[in-house]
Amino acid sequence: MRNKLDQVDFSILNILAENAQTPYTDVAKQLIVSPGTVHMRMRKMREMGLITGATLSLDYAKMGWKMTIFLGIFLSEISLFKKVMERLNDIEEVVKIHHVTGKYDIFIKMHARDSFHYKQVYQDEILSISGIRGIESFISIEENLERHIQFVEVEED
């Protein structure tokens, strides 16, 4: 895949990673290429499966969701992994699910309006999932960084 990308592609990705709503005409002006070039490159990267969508960055606290919580989940049996993942996926407050190596089997990120809401989701929904042996919770006090990697073309020897 890397051989099919060049510095123009990486520059387009870097600009849109900063703000996915940047119009292609503005991207083209920054890179001194035509808007058609940006459009064609984006289509190519979508077809390659490199770009899977675009998202908004939201300030959950300003919308009343004041808590961000990370949960490290231990499974009673690894064979229950898929079933547990499916159940976690059904919980609307869960926004990221990772299958991880190390201490935990699954690591999730979730949001809650307040501690009462978190307690309700944790006790009534997450702890009721069959196959979970234990959970460690981490409450985020403050997020200081959210960014994408800056991509550059690397010369291969």
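Our subject is the structure that appears above.
Now for a description of the structure that goes with this document. Computed from a prediction, not measured in an experiment: that's the story for all the values here.

### As for a nonpolar patch on the surface
- Where nonpolar side chains cluster on the molecular surface, the patch consists of Leu56, Leu58 and Met63 and spans about 320 Å² of accessible area.
- Along the polypeptide, methionine 63 turns up in the loop between helix 3 (35-47) and strand 1 (67-75).
- Taking the relative accessible area as the measure of exposure, methionine 63 reaches 48% and is therefore partly exposed.

### With respect to the nonpolar core
- Of all hydrophobic cores here, the largest spans 22 residues; its most connected members are Leu71, Ile73, Ile106 and Ile126.
- Contributions of two or more residues to this core are made by strand 1, helix 4 (81-89), strand 3 (106-112), helix 5 (115-126) and strand 4 (132-140).
- By residue number, the principal contributor to this core is strand 1, which donates five residues.
- Isoleucine 73 has contacts with Leu88, Tyr104, Asp105, Ile106, Ile108, Ile132, Gly134 and Ile135, leaving out every residue within four places of it along the chain.

### What about helix 4?
- Turning to helix 4, its buried residues are Phe81, Val84, Met85 and Leu88. Buried residues of helix 4 fall within an arc of 100 degrees about the axis and therefore sit on the same side. Relative to its buried face, helix 4 has exposed residues pointing more than 90 degrees away, namely Lys82 and Lys83.
- Close packing links the buried residues of helix 4 with strand 1, strand 2 (94-99), strand 3 and strand 4.

### Section: the packing of aromatic side chains
- Overall, the coordinates contain seven aromatic pairs when judged by the stated rule.
- Measuring from centroid to centroid gives 6.3 Å for tyrosine 104 and phenylalanine 138, while their planes differ by 80 degrees, and the two rings are edge-to-face. Taken together, the residues span a long stretch of sequence, with tyrosine 104 in the loop between strand 2 and strand 3 and phenylalanine 138 in strand 4 at a distance of 34 residues.
- For tyrosine 104, a relative accessible area of 11% translates into the label buried.
- Taking the relative accessible area as the measure of exposure, phenylalanine 138 reaches 34% and is therefore partly exposed.
- When the ring of tyrosine 118 is compared with that of tyrosine 122, the centres are 5.6 Å apart and the planes differ by 40 degrees; the resulting orientation is tilted. Taken together, the residues span about one helical turn, with tyrosine 118 and tyrosine 122 both in helix 5 at a distance of four residues. The two residues tyrosine 118 and tyrosine 122 agree in class, both being buried.
- Taken together, the ring pairs connect Phe70, Phe74, Tyr104, Phe107 and Phe138 into an aromatic cluster.
- The residue whose ring lies beneath arginine 113 is tryptophan 65, and the NZ or CZ to ring-centre distance is 5.1 Å.

### Overview of the sheet that holds strand 4
- Pairing is antiparallel in the open sheet, where four strands are placed in the order 2-3-1-4. A strand with exactly one partner marks an edge of an open sheet, and here the two such strands are strand 2 and strand 4. Across this sheet, the average inter-strand angle for adjacent strands is 20 degrees, counted without regard to direction.
- Two elements, strand 2 and strand 3, share five bridges in a ladder whose sense is antiparallel. Bridging across to strand 3, lysine 96 finds its partner in lysine 109.
- Sheet strands in contact with helix 5 are strand 1, strand 3 and strand 4, and its direction is about 140 degrees off that of strand 3.

What counts as what
- Residues numbered from 1 in each chain as written.
- Predicted model: local features only at pLDDT ≥ 70, side-chain atom pairs only at ≥ 80, totals over all residues.
- Heavy atoms only, no water.
- Patch = residues over 30% accessible without salt bridge, like charges linked within 9 Å, V, L, I, M, F, W, Y side chains within 5 Å.
- Areas by Shrake-Rupley, 256 points an atom, 1.4 Å probe, with all protein chains shown as cover.
- Salt bridge = Lys/Arg side-chain N within 4 Å of Asp/Glu carboxyl O.
- Helix = DSSP H or I, 4+ residues; strand = E, 2+ residues; numbered from the N terminus.
- Buried < 20%, exposed > 50% of the residue type's maximum accessible area, 1.4 Å probe, protein only.
- Core = buried A, V, L, I, M, F, W, Y, C linked by side-chain atoms within 4.5 Å.
- Contact = heavy atoms within 4.5 Å.
- Arc of directions from axis to C-beta.
- Phe/Tyr/Trp six-rings, centres within 6.5 Å; stacked < 30°, edge-to-face > 60°.
- Lys NZ or Arg CZ within 6 Å of the ring centre and 35° of its normal.
- Pairing = 2+ DSSP bridges.
- Axes fitted to C-alpha atoms, helices over the stretch in contact; angles between N-to-C directions.

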